Amino acid sequence: MVEESYPRIQQYEDNIQALQGKAEGARSLMAPQISVGLNRFPYRTAVLKEMDLPMNQAGVMVTAEQMITNPVKRTLKRDYLLSLTQIERAKASWTKNELRMQTKTYYFQRYVAERKVRILAESEQSLRLLLSTARQNYRYNQTDLSQVFKVEAKLSELKTMQLMQESAVVQATIGLNTLMNRPPQTAFQIDTLLVLPTSSFTPQPLLIDRRSDVLAMSHTIQSMELSRQVMASSRKPDFGVRVEHMQMLSMPNQVSVMGMITLPLAPWSSPMFKADVKSMQFDISAMQREKETMVLMAQQMLAEKIAMLHYENAQLQAYQSEILPAYQKNFDASLIAYRQNTGSLFVLLDAWDMLLMKRLTYLDKQLSVLLVQAGMDYETEQP
């Protein structure tokens, strides 16, 4: 939906249509020129009355002139304009890839924020039970008042954390609505069935070379080469024809037909396009080096993402199989001890706080893994 509704994608389509329209007219000839005027009219108009006078050569001249651009130049210009459409198409594909990256980022942020909200809500219920028990125990001198106040303070902190996560949900929702070209506050549910990626990703060797931004650079180099050929075609002559009809006043009518050809290789004109052609060749070489640098940087980013995914997954597995169970056992043991009046509320509250922090950290690790996967999808241009 994002790829269809985002305005920037339509902008590329409009640019492609505009370039195709220009290409259709690239092989057209220049408009003909027609001129009408008086020819060899004397300042002393009395001469016009003397029909047999040799000086009386006055008449009305009609001239039609048509320049015929070299067909090779017109073909090269059309090919150059059509090559620009390939650049726009590649840019449109890469923009879609960027939009997918942004969409995944907002989606994962909202997914994790909503899970944090649920965990905080569960923790709030547990804390309220602890607070109720602590107040009852205080009545029987089994709990210090300072510990009751500490539980109340933790409850206030918990509400603040809930507000922060709810704010993150709203921000992600606004981002997703904007990408879908909808009102920012539009409410909707997201799919919560999410499979975490594994660290067994193996990139294809030539995957980077087929990325849209790299292809856009390749098409740009091809367009520059065609532009250089257009400039080099300036050495080819253009042609023209000129027809003049003279409607004489005192003499028989006359006609003149002339052919024209440009001389671009003249010593005083050729250095200009020769220098431009040489300069554009260096520009093409520089663009090729830029493309090679882009590929190297993309390969580096992908290798970094693969390594990050491996270590982030290892940390996530450690939290899931070892860290969280250990803190859960610590909390359960502290809760049992407190209920049996063999443990203190301070120790139980500390165990509750550590368990909550580790559960939230686990979700942060999940978000890190998901964002790394989104980054890998971005680098390899995966949907």
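Note that this is a predicted model, so its numbers are computed, not measured.

Novice: Please give an account of helix α7 (residues 345-380) that cites residues and values.
Specialist: For an α-helix, the turn length of 3.6 residues means that residues three or four places apart are oriented alike. With 36 residues, α7 extends 52 Å from end C-alpha to end C-alpha; this agrees with the ideal 52 Å at 1.5 Å per step. Positive backbone phi, at 55 degrees, marks E381, one or two positions downstream of α7.

Novice: Can you tell me about the nonpolar core, naming the residues and giving the values?
Specialist: Formed by 45 residues in total, the largest nonpolar core has its most connected members in L127, F331, L348, W352 and L356. Elements with a minimum of two residues in this core: α3 (71-139), α4 (145-179), α6 (270-339) and α7. For this core, the element with the most residues is α7, which contributes 16 residues. Other than its neighbours up to four places away in sequence, W352 contacts S123, S126, L127, K154, L158 and F331.

Novice: Describe the layout of surface pockets, naming the residues involved and giving the relevant values.
Specialist: Size it by volume and the largest pocket reaches roughly 220 Å³. Taken together, 14 residues form the lining of the largest pocket, with A26, T69, K73, R74 and K77 sitting closest to its centre. Among the elements of the structure, α3 and α5 (212-232) are those that each provide at least two residues to the lining of the largest pocket. Ranked by residues supplied to the lining of the largest pocket, first place goes to α3 with 3 residues. Residues that form the lining of the largest pocket fall into these classes: 5 nonpolar, 5 polar and 4 charged.

Novice: Could you give an account of the packing of aromatic side chains, with specific residues and numbers?
Specialist: Enumeration over the complete set of coordinates arrives at 2 aromatic pairs. Geometrically, the ring pair formed by W94 and Y378 is tilted, given 5.0 Å between the ring centres and 50 degrees between the ring planes. Here Y378 lies in helix α7 and W94 lies in helix α3, a separation of 284 residues in the sequence. Accessibility expressed as a relative area gives 10% for W94, which makes it buried. The side chain of R110 reaches across the aromatic face of F188, ending 4.8 Å from its centre.

Novice: Help me get a handle on the packing of α5 against α6, residues and values and all.
Specialist: Where α5 meets α6, the axes come as close as 9 Å, and the angle between the chain directions of the two elements is 170 degrees. As summarised for this structure, α5 and α6 are arranged roughly antiparallel, according to the angle between their axes.

Novice: Describe the packing of α6 against α7, and please don't skip the residues or the numbers.
Specialist: Contact geometry for α6 and α7: axes closest at 8 Å, N-to-C directions at 160 degrees. As the angle between them shows, α6 and α7 are arranged roughly antiparallel. Here α6 runs over α7; the crossing is left-handed. Partitioning the contact of α6 with α7 into residue classes produces 25 nonpolar, 12 polar and 6 charged.

Novice: Describe the sheet that holds strand β3 (residues 239-248), with residues and values.
Specialist: The strand order β1-β2-β3-β4 describes an open sheet built from 4 strands, whose pairing is antiparallel. The open sheet terminates on both sides in strands that have one partner only, identified here as β1 (33-39) and β4 (254-261). Strand-to-strand twist in this sheet, taken as the mean axis angle between neighbours without regard to direction, amounts to 15 degrees. Sheet topology note: the β3/β4 ladder contains 8 bridges and is antiparallel. Note on β4: the bridge partner recorded for M246 is Q254.

Novice: Just give me the short version of the environment of I9, but keep the residues and values in it.
Specialist: Relative to the elements of secondary structure, I9 occurs in helix α2 (residues 7-24). Owing to a relative accessible area of 7%, I9 belongs among the buried residues under this scheme. As for I9 and L99, which are separated by 90 residues in sequence, their C-alpha atoms are 9.9 Å apart. If sequence neighbours within four positions are ignored, I9 has contacts with E3, A92, T95, K96 and L99.

Novice: So, the pairing of strand β2 (residues 59-68): which residues are in play, and what are the values?
Specialist: In summary, the side chains of a regular strand alternate between the two faces of the sheet. Where β1 meets β2, 7 bridges bridge the pair, whose relative direction is antiparallel. Residue pairing across strands places N39 opposite G59, the latter belonging to β2. Strand direction decides the pairing type here: β2 and β3, joined by 10 bridges, are antiparallel. Bridge pairing links E65 to R242 in β3.

Novice: Quick one: what's the story with the pattern of salt bridges, residue by residue and with numbers?
Specialist: Taken as a whole, this structure holds 15 salt bridges when the rule is applied. Between E157 and K154 there is a salt bridge, and its shortest N-O distance comes to 3.9 Å. Of the two residues, E157 and K154 both sit in helix α4, 3 residues apart, roughly one turn of that helix. Exposure remark for E157: the relative accessible area of 44% places this residue in the partly exposed category. The closest approach of N and O atoms between R289 and E292, which form a salt bridge, is 3.9 Å. One end of the pair is R289 and the other is E292, both in helix α6 and 3 residues apart, which spans about a single turn. For R289, a relative accessible area of 49% translates into the label partly exposed. In the salt-bridge network here, residues are joined through shared partners; they are E65, R242 and E244.

Novice: Describe unusual backbone geometry, with residues and values.
Specialist: For R40, which is not glycine, the phi dihedral falls at a positive 55 degrees. When you line up the elements, R40 lands in the loop between β1 and β2.

Novice: A description of the environment of Q185 should follow, citing residues and the corresponding values.
Specialist: Relative to the elements of secondary structure, Q185 occurs in the loop between α4 and α5. Taking the C-alpha atoms as reference points, Q185 and D377, separated by 192 residues in sequence, lie 28 Å from one another. Beyond its immediate stretch of four places on either side in the chain, Q185 contacts I174 and N177.

Cut-offs used in this document
Residues numbered from 1 in each chain as written. Predicted model: local features only at pLDDT ≥ 70, side-chain atom pairs only at ≥ 80, totals over all residues. Heavy atoms only, no water. Helix = DSSP H or I, 4+ residues; strand = E, 2+ residues; numbered from the N terminus. Expected span 1.5 Å × (residues − 1). Core = buried A, V, L, I, M, F, W, Y, C linked by side-chain atoms within 4.5 Å. Buried < 20%, exposed > 50% of the residue type's maximum accessible area, 1.4 Å probe, protein only. Contact = heavy atoms within 4.5 Å. 1 Å grid on protein atoms, 1.4 Å probe; cavity = no way out; pocket = protein on both sides within 12 Å on 5 of 7 lines; lining within 4 Å. Points joined across faces, edges and corners; volume = space filled by probe spheres on them. Nonpolar A, V, L, I, M, F, W, Y, C, P; charged D, E, K, R; others polar. Phe/Tyr/Trp six-rings, centres within 6.5 Å; stacked < 30°, edge-to-face > 60°. Lys NZ or Arg CZ within 6 Å of the ring centre and 35° of its normal. Axes fitted to C-alpha atoms, helices over the stretch in contact; angles between N-to-C directions. Parallel < 35°, antiparallel > 145°, perpendicular 65-115°, else oblique. Left-handed = near helix turned anticlockwise from the far one by under 90°. Pairing = 2+ DSSP bridges. Salt bridge = Lys/Arg side-chain N within 4 Å of Asp/Glu carboxyl O.

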